[in-house]
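Results of the structural survey
Spelled out from the first residue to the last, the chains are:
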Amino acid sequence: MTISPNANTTIFPRDGDVPHDCRIEPLHQRTILIDGDLEEWAGPVRAVHAAVSLADEQGHLHPYELGSVPDGGTSEAFRALQAAEAAYDNGRGRWPSMLPSERIACVEDFAQRLLEKRGEIVKLIMWEIGKTLADSEKEFDRTIVYIRDTVQALKKLENRSATFEVVDGTIGHIRRVPLGVTLCLGPYNYPLNETFTTLIPALIMGNVVLLKPPTLGVLLYSHMLEAFSKAFPPGVVSTLYGQGATVITPLMQSGRVNVLAFIGSSNVADQLKKAHPKSNRLRAVLGLDAKNAAIVLADADIDHAIKECVSGALSFNGQRCTAIKMILVHRSISDEFVQRLSVAVSQLKRGMPWVPGVVITPLPDSGKCEYLSSCLDDAIDNGAKVMNTGGGVVEGTLFNPAVVYPVAEGMKLYREEQFGPIVPVAPFDDIEGALDYVVTSDFGQQVSIFGREPGQIGQLVDALANQVCRINLNSQCQRGPDSFPFAGRKDSAEGTLSVHDALRAFSIRSMVSAKENQGSTQLIQSIVASNTSRFLRTTFTF
């Protein structure tokens, strides 16, 4: 298929214009990981295209094929499931039975092997999803830090458990234990980092994992298959490839998945949970939709608010669940705010992801530009305007960011999560109007407040604390630091993710108890002294 850019487009490069150190050779993956073995794949494959298209001599754009991956089916999925169940062995397998220090050693070995592939993985993130080179490097490096922080958090958790409690004549020894087979599905916008925020804690707590890489951002996992195979016992990690309906849905319908770790849309999460026949046995750890609002009060520092809102709304083209996706501005300053916001957005650098200082890059989803254009058309038909020069102009797979004002109830942009470079702005007359927007939203992840008066902001904080899970004062919505809780209300999440909380999300507390008497005390002391139990122990993890 040939894609023609708008006239005089110079954003997209010809093949020879790509810098030498940013070039990438096509990668055709022909292996899958099941039961510790890298199996040769001879079945159907799916082509993987870059977010970046290349221009020919006539200036027409052509999708660049980055490579291809296996297009697996139900039979491979169930072989992977069987391998995972064998590795877990009802909690008696080698992996769940390991001491935490032994699992930590495996995870650290994997992290070291991952580091050796940094260059290849970073380049694939950049090409496949269009993330800037700097942000692709940051995603990789942040993932390594997350792994190390998770290791340290587990050591602290284990050492706090290396003791016995006596309450009302009962001796208790409490530890956290794994849940079983975990199905891990990550998102395309952070195909490495956010996938690993569920994968790593699930593994390190002793669960076995079925990993389905994101549809976009899939090729980078080809560089990890050998590392998974060598760092972990057979069956502990297996990979799934193929369409969700033929791979994921049948696994859920089997009832043999114990944990669903999913980051994506709430509609898909609902379908997957409903497919499971034993809902009470299923633990769900979900990061879902968000329509995070920024509330700009009349006394806000406009320059600072604009700087934070531009970054919050348009970092990685707005393709972040934590992005600011609606700006509510007090009517007394709304015209000035929108004018200055439009100037700031128009000054953002557009280009290829390897260009230094670039902010707006091509989108990886082939249908995204069409969807965003339909959102703009709907807003314009209902009385809004695109306020910045060039806003909404489509050049191949690059969508020029658009500031849309005034957005109101009834427009798609008012309630739908656009997940792209559109910045809707709506005026409000009193604080109850802004609060009503958050209260009536289907989502409840975060909100940002920009203002200066302590009394008013204090009241807003109290009103919003029971609506969202993070309130950002004079700063954009964000996830980090990873030690802070990351959660959501309503349709935005299920469970809490952070370095600390994720270990709990993928485990459950189990306890050994006995009456406080001489016989019980002697028995427990003998078990601990002889190291006959991996559960009943008082050893520290260093």
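Quick caveat: nothing in here was measured; it's all calculated off a predicted structure. (Residues numbered from 1 in each chain as written. Predicted model: local features only at pLDDT ≥ 70, side-chain atom pairs only at ≥ 80, totals over all residues. Heavy atoms only, no water.)

Thoughts on the sheet that holds strand E25 (residues 507-515)
Note the following rule: We call two strands paired when DSSP finds no fewer than two bridges between them. Secondary structure counts use DSSP, requiring at least four H or I residues in a row for a helix and at least two E residues in a row for a strand, with both numbered from the N terminus. Note on method: axes are straight lines fitted to C-alpha atoms, helices fitted across the in-contact stretch only, with angles between N-to-C directions ranging 0 to 180 degrees.
One open sheet accounts for 3 strands, arranged E6-E7-E25; its pairing is antiparallel. A strand with exactly one partner marks an edge of an open sheet, and here the two such strands are strand E6 (165-167) and E25. Mean inter-strand twist for the sheet, computed between neighbouring axes without regard to direction, equals 35 degrees.

What to know about the sheet that holds strand E22 (residues 470-473)
Pairing is mixed across the open sheet formed by 7 strands, whose spatial order is E15-E18-E19-E14-E13-E21-E22. A strand with exactly one partner marks an edge of an open sheet, and here the two such strands are strand E15 (385-386) and E22. Both E15 and strand E18 (residues 402-405) contribute to a ladder of 2 bridges, which runs antiparallel. Bridge pairing links Val386 to Val404 in E18.

Some thoughts on the pairing of strand E8 (residues 181-185)
Rules: Each residue is assigned to one of three classes by its accessible area relative to the maximum for its type, calculated with a 1.4 Å probe on protein chains only: buried under 20%, partly exposed between the two thresholds, exposed over 50%.
Within E8, 5 of the 5 residues are buried, which leaves it mostly tucked inside the rest of the structure. Residues Val181, Leu183 and Leu185 point to one face of E8 and Thr182 and Cys184 to the other, with burial holding for every one of them. Across 5 bridges, E8 lies against strand E9 (residues 208-212) in parallel orientation. Following the sheet pairing, Cys184 is matched in E9 by Leu211. Pairing of E8 with strand E11 (residues 259-263), which is carried by 4 bridges, proceeds in the parallel orientation. Bridged to Cys184 within E11 is Ala261.

Side note on the packing of helix H5 (residues 133-161) against helix H6 (residues 193-204)
Condition: Orientation is classified from the angle alone, with under 35 degrees giving roughly parallel, over 145 giving roughly antiparallel, 65 to 115 giving roughly perpendicular, and any other angle giving oblique. What makes a crossing left-handed is the near helix being turned counterclockwise from the far one by less than a right angle; a clockwise turn instead makes it right-handed. Residue contacts are defined here by distance: any two heavy atoms, one from each residue, within 4.5 Å place the two residues in contact. Residues are grouped as follows: Ala, Val, Leu, Ile, Met, Phe, Trp, Tyr, Cys and Pro are nonpolar; Asp, Glu, Lys and Arg are charged; every other residue, Gly included, is polar.
It is at 10 Å that the axes of H5 and H6 come closest, and there the two elements cross at 25 degrees. When the axes of H5 and H6 are compared, the pair comes out roughly parallel. You can see that H5 and H6 cross each other, and the crossing is right-handed. Where H5 abuts H6, its residues Glu139, Arg142, Thr143, Tyr146, Ile147, Thr150, Val151 and Leu154 lie against Asn193, Phe196, Thr197, Ile200, Pro201 and Ile204. Per-class residue counts for the contact of H5 with H6 are 8 nonpolar, 4 polar and 2 charged.

Thoughts on the nonpolar core
Rules: In this text, buried Ala, Val, Leu, Ile, Met, Phe, Trp, Tyr and Cys residues form a nonpolar core when linked through side-chain atoms within 4.5 Å.
By size, the foremost hydrophobic cluster in this structure holds 137 residues, and its most contacted members are Phe196, Phe232 and Ile327. No other element matches the 8 residues that H5 contributes to this core. Aside from chain neighbours lying at most four places away, what touches Phe232 is Trp95, Cys106, Val107, Phe110, Leu203 and Val237. Grouped together as the second largest cluster of nonpolar side chains are 32 residues, Leu376, Ile422, Phe428 and Ala434 included.

Notes on the packing of aromatic side chains
The criterion, for reference: Aromatic pairing here means that ring centres of Phe, Tyr or Trp (its six-membered ring) are within 6.5 Å. Orientation follows from the plane angle: under 30 degrees is stacked, over 60 is edge-to-face, and everything else is tilted. Charges are assigned to positions over rings by a cutoff of 6 Å between ring centre and Lys NZ or Arg CZ, combined with an angular limit of 35 degrees from the ring normal.
Using the criterion set out here, one finds 10 aromatic pairs in the structure. An angle of 85 degrees between the planes, with centres 5.0 Å apart, marks the rings of Tyr414 and Tyr437 as edge-to-face. Taken together, the residues Tyr414 in helix H13 (residues 412-415) and Tyr437 in helix H14 (residues 431-439) connect sequence positions 23 residues apart. Under the relative-accessibility criterion, Tyr414 is labelled buried at 13%. Grouped by ring-pair contacts, the aromatic residues Trp95, Phe110, Phe196, Phe228 and Phe232 constitute a single cluster. Over the face of the ring belonging to Tyr190 we find Lys131, whose NZ or CZ atom lies 3.7 Å from the ring centre. Over the ring of Phe316 we find Lys131, and its NZ or CZ is 4.8 Å from the ring centre.

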